[in-house]
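Examination of the molecular architecture
Here are the chains, one letter per residue:
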Amino acid sequence: MANFSRRDFLKSGLAATALAGAGCIGLKAARQSATDMVTLGDSGVKVTRLAFGTGTFSGQVQRELGQQDFTSLVRYAYDRGIRFFETAESYDDMHRMLGIALKGIPRDSYQLMTKVTTSPGVDPMQKIDELRKQANTDYFDICLLHYQHYANWPTASLRWQDGISEAQHKKIVLGRGASVHGLPALRQVPGENWLQIAMIRMNHKGVRMDAENYATNGLGNVPEVVDYVGKSRQKGMGVISMKLAGEGQFTNREDRQKAMKFAFRHAHVDSVTVGYKSKQEVDEAIENVNMALA
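Rules of the game
Residues numbered from 1 in each chain as written. Predicted model: local features only at pLDDT ≥ 70, side-chain atom pairs only at ≥ 80, totals over all residues. Heavy atoms only, no water. Helix = DSSP H or I, 4+ residues; strand = E, 2+ residues; numbered from the N terminus. Buried < 20%, exposed > 50% of the residue type's maximum accessible area, 1.4 Å probe, protein only. Contact = heavy atoms within 4.5 Å. Areas by Shrake-Rupley, 256 points an atom, 1.4 Å probe, with all protein chains shown as cover. 1 Å grid on protein atoms, 1.4 Å probe; cavity = no way out; pocket = protein on both sides within 12 Å on 5 of 7 lines; lining within 4 Å. Points joined across faces, edges and corners; volume = space filled by probe spheres on them. Phe/Tyr/Trp six-rings, centres within 6.5 Å; stacked < 30°, edge-to-face > 60°. Lys NZ or Arg CZ within 6 Å of the ring centre and 35° of its normal. Polar contact = N/O pair within 3.5 Å; in protein donor to acceptor, adjacent residues only side chain to side chain. Salt bridge = Lys/Arg side-chain N within 4 Å of Asp/Glu carboxyl O. pLDDT = per-residue confidence, 0-100. Pairing = 2+ DSSP bridges. Right-handed = clockwise from strand over helix to strand, strands pointing away.

**Looking at the overall build of the protein**
In terms of helices and strands, the protein carries eleven helices and ten strands. Counting only residues that meet the buried cut, the protein has 50% of its 294 residues in that class. A separation threshold of at least 6 residues defines the contact pool for the protein, and within that pool the share at least 24 residues apart is 74%. In the form shown here, the protein has an accessible surface area of approximately 14100 Å², with 51% of it arising from carbon and sulfur atoms.

Given below as structure tokens:
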């Protein structure tokens, strides 16, 4: 039998304790959170897992806060670690309000996403420059084709794709993609090599999610949407999800928690966006994402 002294025993016990402690530290270090920076697929664009959305009922909720309260809310979210802010051309006045709210914050410390309406007869570069001016920014981290809802959108939007690609070449847009509504539009996403980022509606109940009719008031086809999220990610796309609160229909927190858990654990999206009207809603969203990732 080996000679094993009490001193050796104590040393080995301390070593085991130290190793166990190191393991705990490693687990804590690996814990994921809402404010982690994640890379959106192969785009190279990094954003926080949780975004600040400005499009609740096309921005009505955020506009009605007024500039002072909206700025206070944006700054609160930034201080809590949310560094990804998104808006759209169709959210009347929100580029301007967001630009004011973020004024003075180092531009390289947050990410800004815009969504452009693919209107005929509009020059894409001119529109992007107009939105940059409104948002008081030299560049957008992400520019999406907004509200693509027909199966032929990949060909119908070619002029806008070229415009965004030109803006990307000039480095006034860093990542490009599309926001889609309806299954006919969504089914085209995995096969589109132009796309780097896809914005897809997502929650566990299918409320305001994609169905055959993009404008349906009924429930969407959750399994098919999740399947296309997976196919898009396999092609190297980053996926950002919206409608996590069912466009305001999830009035109890349990459903909002389940939606976050579903998005991250089941659909495996990269990032989600939520619209806020209060600091309490910001806090809750952060907690809900953290719980989903735990």
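Next comes the rest of the write-up.
**Here's the deal with the layout of surface pockets**
Rolled over the atoms, a probe as big as a water molecule pinpoints where empty space is left. Empty space within the largest pocket amounts to approximately 1000 Å³. Surrounding the largest pocket, 40 residues form its lining, Gly-55, Thr-56, Lys-243, Glu-247 and Gly-248 being those nearest its centre. Put simply, the parts of the chain that give the lining of the largest pocket at least two residues each are strand 6 (140-148), strand 8 (197-201), helix 10 (253-266), strand 10 (271-275) and helix 11 (279-293). For the lining of the largest pocket, the element with the highest residue contribution is helix 11, accounting for four residues.

**So, the packing of aromatic side chains**
For the structure shown, the criterion picks out six aromatic pairs. Taken together, a centroid distance of 6.0 Å and an interplanar angle of 80° make the contact between Phe-52 and Phe-70 edge-to-face. With Phe-52 in strand 3 (residues 50-53) and Phe-70 in helix 3 (residues 66-79), this residue pair connects regions lying 18 residues apart in the sequence. For the pair formed by Phe-52 and Phe-70, the shared burial category is buried. Each ring, one from Phe-52 and one from Phe-85, has its centre 5.7 Å from the other, and the planes form 40°; the classification is tilted. Here Phe-52 is found in strand 3, whereas its partner Phe-85 is found in strand 4 (residues 84-86), with 33 residues between them in sequence. Members of the aromatic cluster, connected to one another through ring pairs, are Phe-52, Phe-70, Phe-85, Tyr-110 and Tyr-276. The ring of Tyr-78 is capped by Arg-83, whose NZ or CZ atom sits 3.7 Å from the centre of that ring.

**Side note on the side chain of Thr-137**
For Thr-137, the location among the structural elements is in the loop between helix 5 (124-135) and strand 6. Of note is the side chain of Thr-137, whose polar atom sits 2.8 Å from the side chain of Arg-107. A distance of 2.7 Å separates a polar side-chain atom of Thr-137 from the backbone oxygen of Tyr-139.

**What to know about the pattern of salt bridges**
Note on pairing: side chains with opposite charge can pair once their charged atoms come close. Tallied over the full model, the rule gives 21 salt bridges. The residue Glu-247 makes a salt bridge to Arg-208 at a minimum N-O spacing of 3.0 Å. With Glu-247 in the loop between strand 9 (238-242) and helix 10 and Arg-208 in the loop between strand 8 and helix 9 (222-234), this residue pair connects regions lying 39 residues apart in the sequence. Given a relative accessible area of 32%, Glu-247 falls into the partly exposed group. Put simply, Glu-89, Lys-127 and Glu-130 are held in one network by salt bridges that share partners.

**Digging into the environment of Ser-43**
Mapped onto the elements of the fold, Ser-43 is located in the loop between strand 1 (37-39) and strand 2 (46-48). The buried category is assigned to Ser-43, whose relative accessible area is 13%. With 193 residues separating them in the primary sequence, Ser-43 and Gly-236 have C-alpha atoms 8.2 Å apart. Excluding residues within four positions of it along the chain, Ser-43 makes contact with Gln-196 and Ile-197. One polar contact links the side chain of Ser-43 to the main-chain carbonyl oxygen of Leu-40, over a distance of 2.6 Å.

**Some details on the confidence of the model for the protein**
Confidence in the prediction of the protein, expressed as mean pLDDT, is 92, and 90% of residues score 70 or more. Of the regions scoring below 50 in pLDDT, residues 1-20 engages in three contacts with residues more than four places distant in sequence or in other chains.

**Things to note about the pairing of strand 6**
For strand 6, the tally of buried residues reaches eight of nine residues, placing the bulk of the element in the interior. Direction of pairing for strand 5 (residues 111-116) relative to strand 6: parallel, over a ladder of four bridges. Each residue of the ladder has a partner; that of Lys-115, found in strand 6, is Leu-144. This β-α-β element, strand 5 to helix 5 to strand 6, shows right-handed connectivity. Inspection of the sheet shows strand 6 paired to strand 7 (residues 173-180) by six bridges, in the parallel sense. Counterpart to Gln-148 in the pairing with strand 7 is Val-180.

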